[in-house]
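# An overview of the molecular structure
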Amino acid sequence: MAPPMSAAQFLNALKSEGLTVVEVGDWRTHNRDRQGPWGPVHGVLIHHTVTRGTDATVRLCRDGHDALPGPLCHGVIAKDGTVHLVGYGRANHAGAGDGDVLKAVIAEKRPPQDNEADTDGNRHFYGFECENLGDGEDPWPEAQLAAVEKAAAAVCRHHGWGARSVLGHLEWQPGKVDPRGFTMDSLRDRVHDRLK
């Protein structure tokens, strides 16, 4: 069981991995902690936003919308690879997912097929939203993929986790398809190599 990093540790971990980071407003205290606990943490969840335009994407992920209040993640990874920090603590990004998948993440094993939504993921995962339409055609620039790799590795490095602690939303919550446009196995391979 791992307690979450402090906001300062999170920022330092990302910068130490070589990322360009933008701090958005009161991100360090912008969270959904009143809705439930944050931690223990066990992994990193990767999403795509189904949006276009960095400013609008960052605003949406920070503020959320009527049906889902923000923050919708901890960091937004833009097309140019910049990480915009929009919240820290419990965030509305993971939702309910498969407890068997969480057990596999904790054990650093390949996750089983997600077929239940019985576990609170907002409590247990760091979340990064990646600016992409998610249609399988919107490109993933190398600068962005490298930033996704570095962000996931930064969190794993801090906690002493391996690349199996990195999941796509589609591996956690039944019915989700994100991220679309690259495979999670290819991302985990990149994270694994970076952590060596």
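Residues numbered from 1 in each chain as written. Predicted model: local features only at pLDDT ≥ 70, side-chain atom pairs only at ≥ 80, totals over all residues. Heavy atoms only, no water.

## Remarks on the nonpolar core
Counting residues in hydrophobic clusters, the biggest one holds 38 residues, and the most contacted among them are F10, L14, I46, Y126 and F128. Those elements that place two or more of their residues in this core are α1 (7–16), β2 (43–48), β6 (83–85), β9 (125–130), α5 (142–159) and α7 (184–195). Sort the elements by how many residues they give to this core and α5 lands first, with nine residues. Aside from chain neighbours lying at most four places away, what touches L14 is L19, V21, V83, L85, F128, A151 and A154. (Core = buried A, V, L, I, M, F, W, Y, C linked by side-chain atoms within 4.5 Å. Buried < 20%, exposed > 50% of the residue type's maximum accessible area, 1.4 Å probe, protein only. Helix = DSSP H or I, 4+ residues; strand = E, 2+ residues; numbered from the N terminus. Contact = heavy atoms within 4.5 Å.)

## Brief notes about the sheet that holds strand β5 (residues 75–77)
Pairing is mixed across the open sheet formed by six strands, whose spatial order is β1-β6-β5-β9-β2-β10. At either margin of the open sheet sits one strand with a lone partner, and together these are β1 (21–23) and β10 (166–168). Averaged over neighbouring strand pairs, the angle between their axes works out to 25 degrees when direction is ignored. Strand direction decides the pairing type here: β5 and β6, joined by three bridges, are antiparallel. Considered in β6, the bridge of G75 is made with L85. (Pairing = 2+ DSSP bridges. Axes fitted to C-alpha atoms, helices over the stretch in contact; angles between N-to-C directions.)

## Observations concerning the packing of α1 against α5
Contact pair α1 / α5: the axes reach a minimum separation of 8 Å and the direction vectors enclose 120 degrees. Here α5 runs oblique to α1, going by the angle between their axes. For α1 against α5, the interelement crossing comes out right-handed. Residues Q9, F10, A13 and L14 of α1 form the contact with α5, whose own contacting residues are A151, A154, V155 and H158. In terms of residue class, the contact of α1 with α5 is built from six nonpolar, two polar and no charged. (Parallel < 35°, antiparallel > 145°, perpendicular 65-115°, else oblique. Left-handed = near helix turned anticlockwise from the far one by under 90°. Nonpolar A, V, L, I, M, F, W, Y, C, P; charged D, E, K, R; others polar.)

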